[in-house]
Amino acid sequence: MSGPTLVVELAEPVSPAGMRRFRALMEGISSRCEERRPGHFDVQVPVERLGIGSGQEEGERLLPDPLLGGLPDPGLAALVGFDPRRDHPHRPFDVYLMGPGVGDEDVFEAEHADTPEVPAVLGFTPTHAVNVSAACNRAVDHVATALLTAAVMDVIGGVAWAELRAEQVPLVGLPGLVGLTDEEWPDALGSAVFLRAWAAQPGFRLVK
C-alpha cells in the first residue's frame with residue numbers, strides 16, 4: 001500500500017460476535033468488499049460514508065462530520081470537504097486482522113518486535129491487531145484512514161497506534177489520548193475519540 005496506515009492494538013483475539021460486527025461494517029461501509037480470508041478485507045469506501053463532505057479540491061482541508069461524534073467545533077464550519085463529483089469518491093483500503101491463528105502472523109510479529117514501550121503505555125501486551133492501510137496518498141486518504149480506523153474500533157474495540165512526525169507531537173493533547181511512547185519521536189496511542197478529534201485538525205496528515 002502506498003498511502004497512510006494505522007494499527008489497532010487488541011488485548012485479546014476478536015470474538016466470533018466481534019468478527020460478525022467487523023464483517024458487517026466492512027460490507028456495509030464499502031461499495032466493493034472482497035474478503036480474502038476471514039478478517040482480511042480489500043475494500044473501496046465511498047467518502048460520504050465516512051462523513052467527509054463535499055466541495056474539496058486537492059490540498060484543501062477536509063470536513064469529517066457524522067463520524068466526529070459531536071465534538072466541540074472550534075472552526076470546523078470554515079472547513080470544506082471532498083467533492084466526489086470532481087475526484088474519485090471510492091477510496092481503496094486493505095483492512096486486515098493479524099496475529100496468531102488468524103493470519104499475517106509474520107507482519108504482526110515484525111511490527112511489534114522492536115516496540116517494547118507500546119505495551120507499557122497500553123497497559124497490556126497486544127495479542128492481535130488490525131492494520132488499516134490506504135492504497136492512495138492524497139489528503140482525503142489520510143482523513144479517511146483515521147475515520148475508517150475509528151469505525152473499526154467502534155465494533156471491535158482496541159487502541160489505535162499512530163506514528164508521529166516531530167512537529168505533530170505538541171498537537172496530540174486531544175480527547176481520548178492514551179499516551180505517547182517515550183522516544184525521541186514518539187508514537188501516539190489513543191481511542192476512536194482521539195482519532196476523530198485529530199482528524200478534525202486543520203492540515204491533518206498521518207505518517208505513511
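Residues numbered from 1 in each chain as written. Predicted model: local features only at pLDDT ≥ 70, side-chain atom pairs only at ≥ 80, totals over all residues. Heavy atoms only, no water.

Packing of helix 4 (residues 139-156) against helix 5 (residues 192-199) brings their axes to within 9 Å, and their N-to-C directions diverge by 160 degrees. When the axis of helix 4 is compared with that of helix 5, the two are roughly antiparallel. Handedness of the crossing formed by helix 4 with helix 5: left-handed. Residues Val143, Ala146, Leu147, Thr149, Ala150, Ala151, Met153 and Asp154 of helix 4 form the contact with helix 5, whose participating residues are Ala192, Leu195, Arg196 and Ala199. (Axes fitted to C-alpha atoms, helices over the stretch in contact; angles between N-to-C directions. Helix = DSSP H or I, 4+ residues; strand = E, 2+ residues; numbered from the N terminus. Parallel < 35°, antiparallel > 145°, perpendicular 65-115°, else oblique. Left-handed = near helix turned anticlockwise from the far one by under 90°. Contact = heavy atoms within 4.5 Å.)

Quick look at the environment of Val152 now. One can find Val152 in helix 4. Given a relative accessible area of 0%, Val152 falls into the buried group. Along the chain, Val152 and Val132 lie 20 residues apart, while their C-alpha atoms are 9.0 Å from each other. With residues up to four places along the chain from it excluded, the contact list for Val152 reads Phe22, Leu25, Met26, Val95, Val130 and Gly157. (Buried < 20%, exposed > 50% of the residue type's maximum accessible area, 1.4 Å probe, protein only.)

With that settled, the discussion passes to helix 5. Burial of helix 5 is extensive: seven of the eight residues sit out of reach of the surface. Every buried residue of helix 5 is listed here: Ala192, Phe194, Leu195, Arg196, Ala197, Trp198 and Ala199. The inward-facing, buried residues of helix 5 abut strand 1 (5-10), helix 4, strand 6 (159-163), strand 7 (177-180) and strand 8 (187-190). Its side-chain oxygen at 3.2 Å from the backbone nitrogen of Val193, Ser191 defines the N-terminal cap of helix 5. (Polar contact = N/O pair within 3.5 Å; in protein donor to acceptor, adjacent residues only side chain to side chain.)

Of all nine residues that make up strand 4 (residues 90-98), eight are buried, and the element is covered over most of its length. Here seven bridges tie strand 3 (residues 40-46) to strand 4, and the two strands are oriented antiparallel to one another. Note that in strand 4 the partner of Asp42 across the bridge is Asp94. Examined bridge by bridge, strand 4 and strand 5 (residues 128-134) share six bridges and lie antiparallel to one another. Counterpart to Leu97 in the pairing with strand 5 is Val130. (Pairing = 2+ DSSP bridges.)

Next up on the list: the pattern of salt bridges. Across all of its chains, the model carries eight salt bridges by this definition. A salt bridge links Arg91 to Asp141, with the nearest nitrogen and oxygen atoms 2.8 Å apart. Of this pair, Arg91 sits in strand 4 while Asp141 is found in helix 4, placing the two residues 50 residues apart along the sequence. Summarising the burial analysis for this pair, Arg91 and Asp141 share the class buried. In this structure, the salt-bridge partner of Arg196 is Asp154, at a minimum N-O distance of 2.5 Å. Here the residue Arg196 occupies a position in helix 5, and Asp154 occupies one in helix 4, the gap between them amounting to 42 residues. Under the relative-accessibility criterion, Arg196 is labelled buried at 10%. (Salt bridge = Lys/Arg side-chain N within 4 Å of Asp/Glu carboxyl O.)

Interhelical geometry of helix 1 (residues 16-29) versus helix 4 gives an angle of 145 degrees and a closest axis separation of 8 Å. Seen from above, helix 1 lies across helix 4 with right-handed handedness. In this structure, helix 1 contributes Gly18, Arg21, Phe22, Leu25, Met26 and Ile29 to the contact, and helix 4 contributes Leu148, Ala151, Val152, Val155 and Ile156. Here the residues of the contact of helix 1 with helix 4 are counted per class, giving nine nonpolar, one polar and one charged. (Nonpolar A, V, L, I, M, F, W, Y, C, P; charged D, E, K, R; others polar.)

Turning next to the nonpolar core. A general feature of soluble globular proteins is that nonpolar side chains tend to end up buried together. Core analysis: the biggest nonpolar cluster contains 47 residues, and Phe22, Met26, Phe93, Val95, Val130, Leu148 and Trp198 have the highest contact counts within it. Secondary structure elements with two or more residues in this core: strand 1, helix 1, strand 3, strand 4, strand 5, helix 4, strand 6 and helix 5. Top contributing element to this core by residue count: helix 4, with 12 residues. Not counting residues within four places of it along the chain, the set of residues in contact with Val95 comprises Phe22, Met26, Gly39, His40, Phe41, Val43, Val130, Asn131, Val132, Leu148 and Val152. Of all hydrophobic cores here, the second largest spans 10 residues; its members include Met98, Leu122, Ala129 and Val159. (Core = buried A, V, L, I, M, F, W, Y, C linked by side-chain atoms within 4.5 Å.)

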